[in-house]
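Structural description and commentary
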2 protein chains.
Amino acid sequence: MDQNRRFLLARRPDGEPVPEDFSLVTQAIPTPPPGGLVVRNHYASLDPAQRGWMDDTESYMPPIPLGDPVRATTVGVVHASDNPDFAVGQWVMGLNALEDYSVAVPGGFTMPIAVDAVASPSNYLSALGAVGLTAYFGLKEVAKPQPGETLLVSGAAGAVGSAVGQIGKIMGCRVIGIAGGPDKCRRLLDDYGFDAAIDYRGKDHAALVTEITAAAPDGVNVVFENVGGAVLEAEVYTLARNARIVLCGLISEYNATEKHGLQNLWQILARRATIHGFLIADYAHRFAEGGAQMAQWLSEGKLRADEDVQQGLENAYDAFMRLFSGANTGKLVLKIA
Amino acid sequence: MDQNRRFLLARRPDGEPVPEDFSLVTQAIPTPPPGGLVVRNHYASLDPAQRGWMDDTESYMPPIPLGDPVRATTVGVVHASDNPDFAVGQWVMGLNALEDYSVAVPGGFTMPIAVDAVASPSNYLSALGAVGLTAYFGLKEVAKPQPGETLLVSGAAGAVGSAVGQIGKIMGCRVIGIAGGPDKCRRLLDDYGFDAAIDYRGKDHAALVTEITAAAPDGVNVVFENVGGAVLEAEVYTLARNARIVLCGLISEYNATEKHGLQNLWQILARRATIHGFLIADYAHRFAEGGAQMAQWLSEGKLRADEDVQQGLENAYDAFMRLFSGANTGKLVLKIA
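Bear in mind that the values here come from a model prediction, so they are computed numbers and not experimental data.

The rules behind these values
Positions within a chain are numbered from 1, following the residues in the order the chain's sequence is written. Labels follow written order: the first chain is A, the first ligand is 1, and so on. In view of the model being predicted, local features appear only for residues whose pLDDT reaches at least 70, and side-chain atom pairs are presented and counted only at 80 or more, with totals across whole chains, interfaces and linings using the full set of residues. Note that water and hydrogens are dropped before the side-chain values are worked out from all heavy atoms of the structure. The classification of residues rests on relative accessible area computed with a 1.4 Å probe and restricted to protein chains. Under 20% of the type maximum is buried, over 50% is exposed, and intermediate values are partly exposed. Segments assigned H or I by DSSP are reported as helices when at least four residues long, segments assigned E as strands when at least two residues long, and all are numbered from the N terminus. For this analysis, residues touch if any pair of their heavy atoms sits within 4.5 Å. Within 3.5 Å is the distance limit for a polar contact, defined as a pair of N or O atoms, with the added protein rule that one can donate a hydrogen and the other accept it, and that residues adjacent in sequence qualify only through two side-chain atoms. A residue counts toward the fit only if its pLDDT is at least 70 in both copies, and the copies are then superposed by least squares on the C-alpha atoms of those residues. A 1.4 Å probe defines the accessible area here, and the buried area is the portion of it lost by two parts on being joined, summed over both. Criterion for a salt bridge: a side-chain nitrogen of Lys or Arg within 4 Å of a carboxyl oxygen of Asp or Glu. Aromatic rings from Phe, Tyr and Trp, taking only the six-membered ring of Trp, are treated as a pair when their centres fall within 6.5 Å; an angle between ring planes under 30 degrees marks them as stacked, one over 60 as edge-to-face, and anything in between as tilted. Here, a charge over a ring means that NZ of Lys or CZ of Arg falls within 6 Å of the ring centre while also lying within 35 degrees of the ring normal. Paired strands, as defined in this entry, are two strands with at least two bridges between them according to DSSP. Note on method: axes are straight lines fitted to C-alpha atoms, helices fitted across the in-contact stretch only, with angles between N-to-C directions ranging 0 to 180 degrees. Throughout, disulfides are identified as pairs of cysteine sulfur atoms within 2.5 Å of each other. Either an automatic procedure or a domain database provided the assignment from which the domain bounds are taken.

So, about helix H9 (residues 316–325) of chain B. Residues and elements named next belong to chain B. Counting buried positions over the 10 residues of H9 gives 7, a clear majority of the element. Listed in full, the buried residues belonging to H9 are Ala316, Tyr317, Ala319, Phe320, Met321, Leu323 and Phe324. Along its buried surface, H9 packs onto strand S1 (4–9), strand S2 (22–27), helix H1 (49–53), strand S14 (307–311) and strand S15 (331–335). Remark: Gly326 follows H9 within two positions and exhibits a positive phi of approximately 80 degrees.

Bringing the environment of A:Glu307 into the picture now. All names here are of chain A. Tracing the backbone shows Glu307 in strand S14 (residues 307–311). Along the sequence, Glu307 and Lys331 sit 24 residues apart, while their C-alpha atoms lie 4.5 Å from each other. Every residue in contact with Glu307, bar those within four places of it in the chain, is listed here: Ser122, Asn123, Ser126, Thr329, Gly330 and Lys331. Reaching out from Glu307, the side chain makes a polar contact with the side chain of Ser122 at a distance of 2.5 Å.

Moving on: the relation of the copies chain B and chain A. Note on the copies: chain B fits chain A at an RMSD of 0.0 Å, the axial shift is 0.0 Å, and the rotation between them is 180 degrees. In short, the pair behaves as if placed about a two-fold rotation axis. Of the residues that chain B buries at the interface, 100% are likewise interface residues in chain A, meaning the two copies contact each other through the same surface.

A few words on the interface of chain B and chain A. In this complex, chain B contributes 34 residues to the contact, which on the side of chain A involves 34 residues. When chain B packs against chain A, the two sides together hide about 2800 Å² of surface, and 62% of this comes from carbon and sulfur. Among the residues of chain B in contact with chain A, B:Leu265, B:Trp266 and B:Leu269 are the three that bury the most area, contributing 23% of the side total. Close ionic contact of A:Asp282 with B:Arg241 constitutes a salt bridge, the shortest N to O distance being 4.0 Å.

The relation between two aromatic rings is expressed through the spacing of the ring centres and the mutual angle of the planes. If you walk through the whole model with that rule in mind, you get 16 aromatic pairs over all chains. Aromatic side chains A:Phe22 and A:Tyr317 sit 6.0 Å apart centroid to centroid with 45 degrees between the ring planes, which places their arrangement in the tilted category. Here A:Phe22, found in strand S2 (residues 22–27), pairs with A:Tyr317, found in helix H9 (residues 316–325); they are 295 residues apart in sequence, far enough to count as distant. Each member of the pair, A:Phe22 as well as A:Tyr317, carries the same accessibility label: buried. Grouped by ring-pair contacts, the aromatic residues A:Tyr136, A:Phe137, A:Phe278, A:Tyr283 and A:Trp297 constitute a single cluster. Taking the ring centre of A:Trp53 as reference, the NZ or CZ of A:Arg71 above it sits at 5.1 Å. Directly above the aromatic system of B:Tyr101 lies the positively charged group of B:Arg40, at a separation of 4.9 Å from the ring centroid.

Within a sheet, neighbouring strands are paired by backbone hydrogen bonds and run either parallel or antiparallel to one another. Taken in spatial order, the 12 strands of this open sheet run S10(A)-S9(A)-S8(A)-S11(A)-S12(A)-S13(A)-S13(B)-S12(B)-S11(B)-S8(B)-S9(B)-S10(B), and their pairing is mixed. Each edge of the sheet is formed by a strand with only one pairing partner; in this case those strands are strand S10 (196–199) of chain A together with strand S10 (196–199) of chain B. Mean inter-strand twist for the sheet, computed between neighbouring axes without regard to direction, equals 15 degrees. Relative to strand S11 (residues 220–225) of chain B, strand S8 (residues 150–154) of chain B runs parallel, the two sharing 3 bridges. Each bridged residue has a counterpart across the sheet, and for B:Val153 the counterpart in S11(B) is B:Phe224.

So, about the state of the cysteines. All names here are of chain A. What the rule picks out here adds up to 0 disulfides over all chains. The thiol of Cys173 is unpaired, and the distance to the nearest cysteine sulfur, on Cys248, comes to 16 Å. Here Cys185 stays free of any disulfide, with the sulfur of Cys248 as its closest cysteine sulfur at 19 Å.

Bringing the domain arrangement of chain A into the picture now. Residues and elements named next belong to chain A. Taken domain by domain, chain A comprises domain 1 (4–124 + 306–335) and domain 2 (133–281). Carbon and sulfur atoms supply 56% of the area that domain 1 and domain 2 bury against each other, a total of about 1100 Å² over both sides. It is Tyr60, Asp306 and Phe324 in domain 1 that bury the most area against domain 2; as a group they hold 29% of the surface buried on that side. The tally of links from domain 1 across to domain 2 stands at 0 salt bridges. Where domain 1 meets domain 2, there are 1 residue pair in polar contact (both at pLDDT 80 or more). Top contributing element to the side of domain 1 that touches domain 2 by residue count: H9, with 3 residues.

Here is the structure:
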């Protein structure tokens with residue numbers, strides 16, 4: 001390996017991405033710009049948010065330019081450096097791309113990480129990274145659940161959802177998870193300690209409302225929403241008065257050309273509920289605090305963080321699509337080296 | 001007049017109400033139940049919320065039973081009393097119905113009002129009633145606008161909307177109103193002191209977004225939503241980061257058999273906006289405080305409260321439908337006696 005394989009966005013997907021939307025090219029390994037560095041990527045995070053970055057629409061981050069590699073958070077090792085703060089061989093984490101080698105510029109989002117104390121450097125892409133911190137701050141600072149309240153998590157078997165449910169239990173909530181299929185529902189109960197699990201598959205609106213209501217007879221106080229669409233539409237009919245919905249993700253809608261959204265806003269009004277748009281980037285100044293808490297819970301065995309590690313840049317497309325087929329069990333990570 | 005005309009809900013409307021959904025019957029004037037009273041209604045409030053009560057769906061208040069008169073807030077005079085706290089001839093306000101005479105029971109929502117200091121007893125159905133208090137508490141306690149922020153009001157020429165805009169100006173906001181038609185837009189600017197007025201009629205989504213953006217180049221900080229549907233859908237594309245949407249009403253959707261809702265929730269997430277379901281009933285314990293502030297602003301000439309007074313129980317249907325055709329200018333009130 002002395003060349004740089006790069007997984008490029010060749011055209012903008014129309015709905016669900018297809019292999020032709022991407023291309024894998026091989027280029028020369030870059031050299032550090034003045035004050036910058038080159039990172040040898042070892043693991044890349046695969047996240048639903050990347051699907052949004054592939055569209056040419058306004059968002060909280062600019063679209064990925066066509067012909068650029070697909071933006072991704074990675075962990076890796078400094079390969080070459082023109083910056084005295086980063087020595088060659090140092091492990092770092094940063095917002096890079098799906099490629100063997102990434103250029104990091106001064107002042108960018110690159111930080112050193114300590115890998116000796118963790119099971120794998122990839123943990124910085126799961127429990128100790130944006131995923132774990134999304135669960136932590138979204139629940140603690142946005143939803144602010146009280147002990148005894150009922151917390152409903154959609155996409156509950158996913159990386160964020162499984163962390164949210166476990167943190168909800170630590171905070172004293174009754175926790176209900178919604179997931180797709182009996183295997184995932186079993187994992188919610190057996191692996192993550194949820195109080196109840198609901199399989200949304202094959203259920204129409206009325207059946208889903210009935211099942212959530214049965215699991216939350218006093219109503220749902222907090223929804224941690226990762227899915228949107230028909231799942232959210234059912235959830236709003238089960239809200240207790242003054243319920244809070246943390247709008248963290250809408251994975252059912254990212255590939256949809258017609259958005260479902262939330263059709264009956266009247267339920268929000270009549271129940272005096274609130275919907276909070278939430279992005280973990282707003283809590284960057286508190287990552288150290290959140291990371292320390294997550295690391296402590298992990299070490300105490302109070303928190304279980306599963307990773308679904310897929311192998312090889314050449315499999316980037318198939319790996320990414322696991323997010324939308326619901327195939328991944330745990331945080332989806334691509335091992336690059 | 002020695003009989004009681006009553007405007008009954010004969011069947012539940014399917015979409016837009018038609019005359020056949022109601023019937024006007026004449027019955028004997030009731031007598032007070034033990035501890036209760038009979039109120040001679042003089043004015044009744046006509047509100048979009050009544051449309052919701054006509055449906056057989058769960059809400060914050062039970063549906064109007066078929067065969068009962070249409071529930072309405074009224075002001076009137078005590079006609080007969082079995083309660084020492086309410087003398088015959090006393091003016092009262094309460095949740096009654098569209099009928100000449102209503103029975104009020106002990107412990108219900110009936111309170112004495114002082115009519116000498118106001119221009120008309122009907123003011124208790126507009127600026128000094130739920131309409132004015134909805135504007136006051138929705139803005140002050142839910143949206144919490146800061147001086148210099150941009151406030152966008154939909155249904156701005158309506159009873160609540162025009163009060164919201166004027167209170168927003170008092171609070172130091174830049175205020176933009178959305179209304180239907182050039183006459184209403186002119187009233188926003190000339191009568192209510194809005195900084196900008198946008199006519200939504202004949203504009204598609206892109207045109208509406210463009211026009212709001214032109215009026216709010218730094219983005220909208222607070223939306224006071226009375227309309228929903230396509231208007232709300234456009235508004236969310238103009239939100240500044242951390243914007244607050246007060247969800248007060250959804251008049252575009254009450255008669256719709258297919259709800260529009262909010263299709264692109266991603267805009268809420270990406271902009272870290274919040275949506276707050278709001279019902280004035282939650283502030284009942286602070287009505288005296290809010291009413292005193294509204295009365296002061298009225299007397300100081302800082303606030304203008306227009307009423308659209310329609311005549312006669314026999315015209316209740318036509319009067320009510322003015323809410324949905326956009327015909328009313330100011331708070332819609334039905335004069336009964």
